[in-house]
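Take a look at the letters that make up each chain.
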Amino acid sequence: FEPITVGIAIGAASVLTGYLSYKDLYCRFAECCRSERPLNASALKQDLEEKLFGQHLATEVIVKALTGFKNNKNPKKPLTLSLHGWAGTGKNFVSQIVAENLHPKGLKSNFVHLFVSTLHFPHEQHIKLYQARNCYPDQLQRWIRGNVSACAGSVFIFDEMDKLHPGVIDAIKPFLDYYEQIDGVSYRKAIFIFLSNAGGDLITKTALDFWRAGRKREDIQLKDLEAVLSVGVFNNKHSGLWHSGLIDRNLIDYFIPFLPLEYRHVKMCVRAEMKARGSAVDEDVVTRVAEEMTFFPKDEKIYSDKGCKTVQSRLDFY
Ligand SMILES: Nc1ncnc2c1ncn2[C@@H]1O[C@H](COP(=O)(O)OP(=O)(O)OP(=O)(O)O)[C@@H](O)[C@H]1O
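Residues numbered from 1 in each chain as written. Predicted model: local features only at pLDDT ≥ 70, side-chain atom pairs only at ≥ 80, totals over all residues. Heavy atoms only, no water.

## What to know about the overall build of the protein
- Secondary structure summary: the protein contains 14 helices and seven strands in total.
- The proportion of buried residues among the 318 residues of the protein is 47%.
- Considering only contacts within the protein whose residues lie at least 6 apart along the sequence, 76% involve residues at least 24 apart.
- Total accessible area computed for the protein in this model is approximately 16800 Å², and 53% of it derives from carbon and sulfur atoms. (Helix = DSSP H or I, 4+ residues; strand = E, 2+ residues; numbered from the N terminus. Buried < 20%, exposed > 50% of the residue type's maximum accessible area, 1.4 Å probe, protein only. Contact = heavy atoms within 4.5 Å. Areas by Shrake-Rupley, 256 points an atom, 1.4 Å probe, with all protein chains shown as cover.)

## Digging into the sheet that holds strand E5 (residues 254-258)
- One open sheet accounts for five strands, arranged E2-E3-E4-E1-E5; its pairing is parallel. Single-partner strands in this sheet number two, and they are strand E2 (112-116) and E5. Strand after strand, the sheet turns through a mean of 20° between neighbouring axes, direction not considered.
- Note: strand E1 (residues 79-85) against E5, five bridges, orientation parallel. Note on E5: the bridge partner recorded for His84 is Pro257.
- Across the sheet, helix H4 (residues 56-71) is in contact with E1, strand E4 (191-196) and E5; its angle to E5 comes to roughly 155°.
- Contacts from helix H9 (residues 166-176) reach E1, strand E3 (155-159) and E4 within the one sheet, and its direction differs from that of E4 by about 145°. (Pairing = 2+ DSSP bridges. Axes fitted to C-alpha atoms, helices over the stretch in contact; angles between N-to-C directions.)

## Considering the UniProt feature "binding site: ATP" (unreviewed entry) in the protein
- Under the present numbering, the feature "binding site: ATP" (unreviewed entry) in UniProt falls on Gly85, Trp86, Ala87, Gly88, Thr89, Gly90, Lys91 and Asn92.
- Within the fold, Ala87 resides in the loop between E1 and helix H5 (91-102).
- Exposure remark for Ala87: the relative accessible area of 29% places this residue in the partly exposed category.
- Sequence-distant contacts of Ala87, defined by excluding residues within four places in its chain, comprise Asn197, Lys306 and Gly307.
- Counting through the fold element by element, Gly90 comes out in the loop between E1 and H5.
- Once residues within four sequence positions are removed from consideration, Gly90 is found in contact with Leu52 and Phe258. (UniProt positions renumbered as here; feature names shortened; annotations may be inferred.)

## Examining the site of the ligand
- The local shell around the ligand holds 18 residues, among which Phe53, Gly88, Lys91, Asn92 and Lys309 are the closest.
- Taking Phe93, its main chain carries an N or O atom lying 2.9 Å from an oxygen atom of the ligand.
- A distance of 2.4 Å separates an oxygen atom of the ligand from a polar side-chain atom of Lys309.
- Here the shell around the ligand takes three residues from H5, the largest share from any one element.
- Here the residues of the shell around the ligand sort into eight nonpolar, seven polar and three charged.
- When residues of the shell around the ligand are assigned to domains, at least three fall in each of domain 2 (41-258) and domain 3 (263-315). (Near = heavy atom within 4 Å. Polar contact = N/O pair within 3.5 Å; in protein donor to acceptor, adjacent residues only side chain to side chain. Nonpolar A, V, L, I, M, F, W, Y, C, P; charged D, E, K, R; others polar. Domains from an automatic or database assignment.)

## Overview of helix H10 (residues 200-212)
- In this model, H10 (13 residues) spans 18 Å end to end at C-alpha, consistent with the 18 Å of a helix rising 1.5 Å per residue.
- When H10 is considered as a whole, its buried residues turn out to be Gly200, Ile203, Thr204, Thr206, Ala207, Leu208 and Phe210. (Expected span 1.5 Å × (residues − 1).)

## As for the packing of helix H3 (residues 41-51) against H5
- Running from N to C, H3 and H5 cross one another at 155°; their axes reach a closest spacing of 10 Å. One finds that H3 runs roughly antiparallel with respect to H5. Of the two elements, H3 crosses H5, and the hand of that crossing is right-handed. From H3, Ala43, Leu44, Asp47, Leu48 and Lys51 reach across to H5, where they touch Phe93, Val94, Ile97, Val98 and Asn101. (Parallel < 35°, antiparallel > 145°, perpendicular 65-115°, else oblique. Left-handed = near helix turned anticlockwise from the far one by under 90°.)

## Things to note about the state of the cysteines
- Applying the stated rule across the entire model yields two disulfides.
- One disulfide bridge connects Cys33 with Cys151, the sulfur atoms lying 2.2 Å from each other. When the S-S torsion is 75°, as for the bridge of Cys33 with Cys151, the disulfide is right-handed. With Cys33 in the loop between helix H2 (22-29) and H3 and Cys151 in the loop between helix H8 (136-150) and E3, this residue pair connects regions lying 118 residues apart in the sequence.
- Given the relative accessible area of 23%, Cys33 is considered partly exposed.
- Each disulfide pairs two cysteine sulfurs, and for Cys269 the partner residue is Cys308, the sulfurs being separated by 2.0 Å. (Disulfide = S-S within 2.5 Å.)

## As for the UniProt feature "domain: Torsin-1A C-terminal" (unreviewed entry) in the protein
- Per the UniProt record, "domain: Torsin-1A C-terminal" (unreviewed entry) is found at residues 261-318.
- In the segment residues 261-318, helix accounts for 50% and strand for 7%; the C-alpha atoms at its two ends are 23 Å apart.

## Concerning the environment of Phe192
- Following the sequence through the fold, Phe192 ends up in strand E4.
- Residue classification places Phe192 among the buried residues on the basis of a relative accessible area of 0%.
- The spacing of Phe192 and Leu79 is 113 residues in sequence and 6.1 Å in space, taken between C-alpha atoms.
- Aside from chain neighbours lying at most four places away, what touches Phe192 is Pro78, Leu79, Thr80, Leu81, Ile144, Phe156, Phe158, Phe175 and Leu176.

So this is what it looks like as structure tokens:
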């Protein structure tokens, strides 16, 4: 027998015997929205611990936040995570890991949506015009409504939040609030992830203070950063969250700090990239790539100023 024929026969038999419902069978071939599917918290934790380097706080908070939210049958509002930190420290990378753990196709899923502010709304100077014509809030709101109607557990990732005009945030604010329904649609099972560089300098300062005091990076606790972060971000005119009411209305559930990456983390990124390309890890190349990166502050040279961001392109030279 050919494998395809056997597959069809097993599928048909399963349906006939009631072993698999029609929906189960359908969902093996097409992507289904499974908002009620429980989160495999240990798989998420393992993924983060293995793949994300130097971010013990982000790992801890993300696992806790998602586990709590997905275990709650009746959340009162959607989950909103605000990821902050220096460039190249893993914010987009984490969003991708989270997305894959919620919807197996990850960023390619029909239920995961990436919104890049500079791509979707590039003309800040035209914001008044957009507002006057009522086109962007309307379009954006319709887009969110349509996606959540199709899948309650939709995931929205807003990149470059610091470059997003507060007016745009106003448009999404109602969806993040404690409403049971808006026009017949409930947003309470959706997940919104905001990424920004805002607060990156404050996070770096705290990490540096620890380093200078001879304390371990892993000893930095959330409480060392959380207040600094929310006040700092709130006071930063360029944060995108500024005066948007997201913070003073407590619509952000978790502020998640991403620490600046050190030389040893950059090396880990190079090794991971080599493995991902199917090559053997060559420690000589690892050191060479890591040494090509630039580090700050000027005197101590501890943190990579681009995180792990240019590792992939640098590796192409070897
Ligand atoms: N902490 C990390 N652990 C493992 N890999 C990382 C980490 N940070 C960055 N990388 C690698 O570098 C790439 C670029 O990082 P990423 O796009 O996640 O940075 P970012 O924090 O979103 O930066 P930006 O603020 O500039 O958008 C990732 O795809 C990943 O391969």
